[in-house]
Amino acid sequence: MKRILLTLMVIVAAVVQSYAIFDKYTINRENLPQEAREMLDEYFPKAKVGMIKVDKHLLKKTDYDVRLVNGTTIEFSNKGKWTSVDCKSRTVPDGLVPRPIRKYVSKNFSGLKIVSIRKKTAGYEIGLSDGVVLKFNLLGSYTGVVEIEEE
């Protein structure tokens, strides 16, 4: 029984590893879905693409990780909808942050910038320039602090 279980584990590991060769790296925006290209053109019109990783998963659909030359990283779903934007020390474009969230941050955290945003099924996680990560529901109402990142 142990031998069969060990054999199955080795086979599963080999299959998972073999899917890593299907990941593709490129700088060609044409490899992105149309919606992702439009988002990049609208919110990062002058930014040059440093790398696009077309990430094919074994049991999930393909997703896309884009790294711009200025250090910004953007993750897209298989349909081209952004799921995460991390601008490092730069401000996330206002159009990507829902208005209630922008208002809450400017009122309660004046002087800080929104440097990252992540869409979750239950809402948004907003990273501030001081390392604090705030959590908001889908309507943009504040629900708490996720964590404090240490530098």
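The structure we're discussing is the one just above.
This write-up is about the structure you can find in this document. Since the model is a prediction, treat every value here as computed from it, not as a measurement. (Residues numbered from 1 in each chain as written. Predicted model: local features only at pLDDT ≥ 70, side-chain atom pairs only at ≥ 80, totals over all residues. Heavy atoms only, no water.)

Right, let's get into the packing of aromatic side chains. Using the criterion set out here, one finds four aromatic pairs in the structure. Ring geometry for Tyr104 versus Phe109: centroids 6.3 Å apart, planes at 50°, classification tilted. For Tyr104, a relative accessible area of 24% puts it in the partly exposed group. With a centroid separation of 4.8 Å and an interplanar angle of 10°, the aromatic rings of Tyr104 and Tyr142 are classed as stacked. Of this pair, Tyr104 sits in helix H3 (residues 99-108) while Tyr142 sits in strand S9 (residues 142-148), and the two are 38 residues apart along the sequence. Each residue in the set Tyr104, Phe109, Phe136 and Tyr142 is aromatic and connected to the rest through ring pairs, giving one cluster. The residue whose ring lies beneath Lys119 is Trp82, and the NZ or CZ to ring-centre distance is 4.2 Å. (Phe/Tyr/Trp six-rings, centres within 6.5 Å; stacked < 30°, edge-to-face > 60°. Buried < 20%, exposed > 50% of the residue type's maximum accessible area, 1.4 Å probe, protein only. Helix = DSSP H or I, 4+ residues; strand = E, 2+ residues; numbered from the N terminus. Lys NZ or Arg CZ within 6 Å of the ring centre and 35° of its normal.)

Once that is clear, we can look at the nonpolar core. In this structure, Met39, Leu40, Phe44, Ile74, Phe76 and Val85 are the most contacted members of the largest nonpolar core, which totals 30 residues. With residues up to four places along the chain from it excluded, the contact list for Val85 reads Met39, Phe44, Thr72, Thr73, Ile74, Val92, Leu96, Val115, Ser116 and Ile117. (Core = buried A, V, L, I, M, F, W, Y, C linked by side-chain atoms within 4.5 Å. Contact = heavy atoms within 4.5 Å.)

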